[in-house]
Amino acid sequence: IDVGIAEQSAVALASGIARGGKKALFGTYSSFIQRAYDQLSHDLCLNNSPATILVSNASIYGFKDKTHIGIFDIPLLSSIPNLRYLAPASKEELTAMLEWSIDQNSYPVAIKMPGGSVFSADYEVDTDYSEIKYQITKKGKGVCIIALGCFYKIGNDLYNALKEQGVDATLINPRYANILD
């Protein structure tokens, strides 16, 4: 259903569809998610409607003008109760998160679509995101790198550079952009 640029109507509609037992997906640019803040909070999340919101261009890789800067999604969505905001680090994780969000009926879920290039996972990808648990992909000691979403590849490159210097770091893929483990 095309609602034009009425993101608030799309979220209210997705919530109603989800409350009616159907699977609802709504996609929008990160820079426009603020238009639907009240509906995300009141209609979707306070009702725990299990709809899926796909948030694209939510990174420093998005548009570069004053109205399309997609970097405010995490602070905005972190203030909304009951929402699971997932940030996949690989294409396999994106698929797993999307499938989980559609199959589950307990939470409203937003997925931070990867910005920049998407790579294949060099770690085991979970298929259930019900439990808030960060994933330790490489265990070391003394230094910890926490790399969310599309920054995981940068974190992995840093891990490898530190390893070459004799530093045994830990690399963590937090997966949740709005909830702490």
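Everything that follows concerns the structure shown earlier in this document.
Attention here is on the structure that accompanies the text.

How each quantity is defined
- Residues numbered from 1 in each chain as written.
- Predicted model: local features only at pLDDT ≥ 70, side-chain atom pairs only at ≥ 80, totals over all residues.
- Heavy atoms only, no water.
- 1 Å grid on protein atoms, 1.4 Å probe; cavity = no way out; pocket = protein on both sides within 12 Å on 5 of 7 lines; lining within 4 Å.
- Points joined across faces, edges and corners; volume = space filled by probe spheres on them.
- Helix = DSSP H or I, 4+ residues; strand = E, 2+ residues; numbered from the N terminus.
- Nonpolar A, V, L, I, M, F, W, Y, C, P; charged D, E, K, R; others polar.
- Buried < 20%, exposed > 50% of the residue type's maximum accessible area, 1.4 Å probe, protein only.
- Pairing = 2+ DSSP bridges.
- Right-handed = clockwise from strand over helix to strand, strands pointing away.
- Phe/Tyr/Trp six-rings, centres within 6.5 Å; stacked < 30°, edge-to-face > 60°.
- Lys NZ or Arg CZ within 6 Å of the ring centre and 35° of its normal.
- Core = buried A, V, L, I, M, F, W, Y, C linked by side-chain atoms within 4.5 Å.
- Contact = heavy atoms within 4.5 Å.
- Axes fitted to C-alpha atoms, helices over the stretch in contact; angles between N-to-C directions.
- Parallel < 35°, antiparallel > 145°, perpendicular 65-115°, else oblique.

### Section: the layout of surface pockets
Put simply, the largest pocket is a space of about 150 Å³. Lining the largest pocket are Ile-1, Asp-2, Val-3, Ala-10, Leu-13, Ala-14, Ile-17, Ala-24, Leu-25 and Phe-26. Every element with two or more residues in the lining of the largest pocket is listed here: helix 1 (7-19) and strand 1 (25-29). Tallying contributions element by element places helix 1 first for the lining of the largest pocket, with 4 residues. Residue composition of the lining of the largest pocket, grouped by class: 9 nonpolar, no polar and 1 charged.

### Details of the pairing of strand 1
In strand 1, alternate side chains face the same way, and those of Phe-26 and Thr-28 are buried while those of Leu-25, Gly-27 and Tyr-29 on the opposite face are not. In terms of strand pairing, strand 1 meets strand 2 (residues 52-56) through 5 bridges, oriented parallel. Note on strand 2: the bridge partner recorded for Phe-26 is Ile-53. A crossover connection joins strand 1 to the parallel strand 2 through helix 2 (residues 37-45); in handedness this β-α-β unit is right-handed.

### A few points about the packing of aromatic side chains
Counting across every chain of the model gives 5 aromatic pairs. Measuring from centroid to centroid gives 5.9 Å for Trp-100 and Tyr-129, while their planes differ by 75 degrees, and the two rings are edge-to-face. Remark: Tyr-129 occurs in the loop between strand 4 (109-112) and strand 5 (135-138) and Trp-100 occurs in helix 4 (residues 91-103); sequence separation between them is 29 residues. Site record: aromatic cluster; members linked through ring pairs are Trp-100, Tyr-107 and Tyr-129. The positively charged end of Arg-84 is found above the aromatic ring belonging to Tyr-107, 3.8 Å away from the centroid.

### A short note on the nonpolar core
Among the nonpolar cores identified, the biggest contains 23 residues, and Leu-40, Leu-44, Ile-53, Val-55, Leu-77, Tyr-85 and Ala-110 are the most heavily contacted of them. Listed by contribution, the elements that provide at least two residues to this core are helix 1, helix 2, strand 2 and helix 3 (73-78). Discounting residues that sit within four places of it in the chain, Leu-44 has contacts with Val-11, Ser-15, Gln-39, Ser-49, Ala-51, Ile-53 and Pro-108. Counting residues in each nonpolar core, the second largest holds 13 residues, with Leu-54, Trp-100, Tyr-129 and Ile-172 among its members.

### Structural notes on the packing of helix 1 against helix 2
Contact geometry of helix 1 with helix 2 gives a least axis separation of 9 Å together with a crossing angle of 10 degrees. The angle between helix 1 and helix 2 places the two elements in the roughly parallel class. Mapping the contact onto sequence places Gln-8, Val-11, Ala-12 and Ser-15 in helix 1 and Gln-39, Leu-40, Asp-43 and Leu-44 in helix 2. Across the contact of helix 1 with helix 2, the residue classes break down as 4 nonpolar, 3 polar and 1 charged.

### Quick word on unusual backbone geometry
Although it is not a glycine, Asn-82 adopts a positive phi angle of roughly 75 degrees. When its relative accessible area of 38% is taken as the criterion, Asn-82 is described as partly exposed. A positive phi angle, close to 70 degrees, is found at Arg-175, a residue other than glycine. Inspection of the secondary structure assignment puts Arg-175 in the segment after strand 7 (169-173). The exposure class of Arg-175 is buried, given its relative accessible area of 3%.

### Observations concerning the sheet that holds strand 3 (residues 84-86)
Spatially, the 4 strands line up as an open sheet ordered 1-2-4-3, and their pairing is parallel. This sheet does not close on itself; its edge strands, each paired only once, are strand 1 and strand 3. Pairs of neighbouring strands in the sheet enclose a mean axial angle of 20 degrees, with direction left out of account. When strand 2 meets strand 4, the two strands line up parallel, connected through 4 bridges. Residue pairing for strand 4: Ile-53 is matched across the bridge by Ala-110. Docked against the sheet, helix 4 engages strand 1, strand 2, strand 3 and strand 4, running at close to 165 degrees with respect to strand 4.

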